[in-house]
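Take a look at the letters that make up each chain.
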Amino acid sequence: MLDETQEDCMRIERVELIELAVKLRFRFETSFGAEQETSKVILVLHSEGLEGYSEVAAAPYPGYSSETGATCWLALTDYILPRVMGREYDTADQLLSDLAPVRGNNMAVAAFEMAFWDLKAKTLNLPLWQLLGGVRTSIPVGASLGIQDGINETIELAQNHIELGYRRLKFKIKPGWDIAPLKAVRQELPDTVLTVDANSAYRLTDIRVFQSLDELDLDYIEQPLAHDDLLDHARLQALITTPICLDESIHSPADTRKALQIDAGRVINVKVARVRGHLEARRVHDVALAFGAPVWCGGMLELGVGRAHNLHLSTLENYTLPGDTASASRYWEDDVVYPILDANDGIQQVPEEGPGIGVMLNRDLIDTLAIRREEIRV
């Protein structure tokens, strides 16, 4: 990892927030709902003639998280940006120290912190992965498959993605849609790496479901129980052999330590926005590495800006499992960055067109999709 203090500090001069109306190429259903038409917020940070880019990961509806795009916009304009505008920073540590009084609102803080990292890397003329301390630039990726209308459709979708070269298939499940489709897929694809993601849809009393899933040779079962729970996950992990992967329960390095210490899970899904940005995501990675627990980078249906940040983060040593950074063209007809970040035979190359996150904004498309803008100046 490179020293972030190699150059003079950056002054926070101007921030653009741009909300976009976008449409997925398909309906994506999870245990907490379905979406196709959605919105995304892009943040552009300006300093000394350079721009740093990030994307607000929060969805329009508070299903996965209590944060939404709307709450992040409000937190940024009313509480976060007023604390940092006009100030100078060398490092993300300094930035987060000034934002420590803003409790929670991790996705809003992360949006600003991630743009700072992009900008910092650009001032050093380095790709972000080098500044973060990455060790590789070829990233194996998997595909996340939403709940389908039937078992045959699920099998067909799985086969299509195997033909595209994806290294892991993750299936969204919910009560009543779990054992039967996964048994059918496992029968058709006996050698494929399969996982399931419950998004907190079950309770400990559903142990028979997990015991049945335990027989299907899954790589892990992701976030089966409550989003704010560790103890019941530890009880469940003691009753099954398949590793539990924790997602919604992990908001900090401390959460990671506690979870691994009590064996509430054995794999960690790191979503950079969920844990307040790259600095804390790197610390989560380090804690998991110390415990010998693998991590992987989860997705939030990001556009190209968020996808690029995720790929750079995935270059760290302990990202040993395929992440959710599948091809952008799988999700979107057009993307708001170039180059388009598509996988080749299940491998994403970290974008290296220039310093920082290595992608440029497609301003023409952004202007077409924009439904709200706000500019904050010193």
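Overview of the structure. Model, not experiment: these values are computed from the prediction.

Broken down by element type, the protein carries 13 helices and 17 strands. Expressed along its principal axes, the backbone C-alpha trace of the protein runs to roughly 60 × 40 × 35 Å. Here the protein, with 378 residues, has 59% of them falling under the buried criterion. When contacts within the protein are restricted to residue pairs at least 6 apart in sequence, those whose partners lie at least 24 apart make up 73%.

If you walk across this open sheet you meet the four strands as β4-β3-β2-β17, and the pairing is antiparallel. Two strands close off the open sheet at either side, each with one partner strand: β4 (50-56) and β17 (370-377). Here the strands of the sheet are splayed against their neighbours by 25° on average, with no regard to which way each runs. Here strand β2 (residues 14-30) runs beside β17; their pairing, made up of seven bridges, is antiparallel.

We now examine the side chain of D255. Along the polypeptide, D255 turns up in helix α9 (residues 253-261). The buried charged residue D255 lacks any salt bridge, with K258 as its nearest oppositely charged partner at 4.9 Å. The residues touching D255, leaving out its near neighbours within four places in the chain, are L230, S249 and I250.

On to the nonpolar core, then. Soluble globular proteins: nonpolar side chains tend toward being buried together. Counting 122 residues, the largest nonpolar core has F112 and L213 as the members making the most contacts within it. With 12 residues, the top contributor of residues to this core is helix α3 (residues 106-123). With residues near it in sequence (within four places) discarded, F112 still touches I12, V15, L43, L45, L76, I80, L81, V84 and L95. Y220, C245, V267 and W296 belong to the second-largest nonpolar core, a separate cluster that totals five residues.

Note: strands within a sheet are paired through backbone hydrogen bonds, in either parallel or antiparallel orientation. The seven strands are arranged β7-β8-β9-β10-β11-β12-β13 in an open sheet whose pairing can be described as parallel. If you trace the sheet from one side to the other, it starts and ends with β7 (143-145) and β13 (295-297), each paired once. Across two bridges, strand β10 (residues 221-222) lies against strand β11 (residues 244-246) in parallel orientation. What sits directly across from E222, in β11, is C245. Here helix α10 (residues 278-291) sits on the sheet and contacts β12 (267-270) and β13; the angle it forms with β12, its principal contact strand, is near 170°.

Applying the stated criterion across every chain yields a total of 23 salt bridges. R363 is the partner of E16 in a salt bridge, and the nearest nitrogen-oxygen pair spans 3.2 Å. With E16 in strand β2 and R363 in helix α13 (residues 363-369), the pair connects residues that are 347 residues apart, well separated along the chain. Between E280 and R283 there is a salt bridge; the shortest N-O distance is 2.6 Å. Of this pair, E280 and R283 both sit in helix α10, three residues apart, roughly one helical turn. Residue classification places E280 among the buried residues on the basis of a relative accessible area of 15%. Taken together, the shared-partner salt bridges connect R168, K170, K172, D197, E222 and D324 into one network.

Conventions and cut-offs
Residues numbered from 1 in each chain as written. Predicted model: local features only at pLDDT ≥ 70, side-chain atom pairs only at ≥ 80, totals over all residues. Heavy atoms only, no water. Helix = DSSP H or I, 4+ residues; strand = E, 2+ residues; numbered from the N terminus. Buried < 20%, exposed > 50% of the residue type's maximum accessible area, 1.4 Å probe, protein only. Contact = heavy atoms within 4.5 Å. Pairing = 2+ DSSP bridges. Axes fitted to C-alpha atoms, helices over the stretch in contact; angles between N-to-C directions. Lys, Arg positive; Asp, Glu negative; His and termini not counted. Salt bridge = Lys/Arg side-chain N within 4 Å of Asp/Glu carboxyl O. Core = buried A, V, L, I, M, F, W, Y, C linked by side-chain atoms within 4.5 Å.

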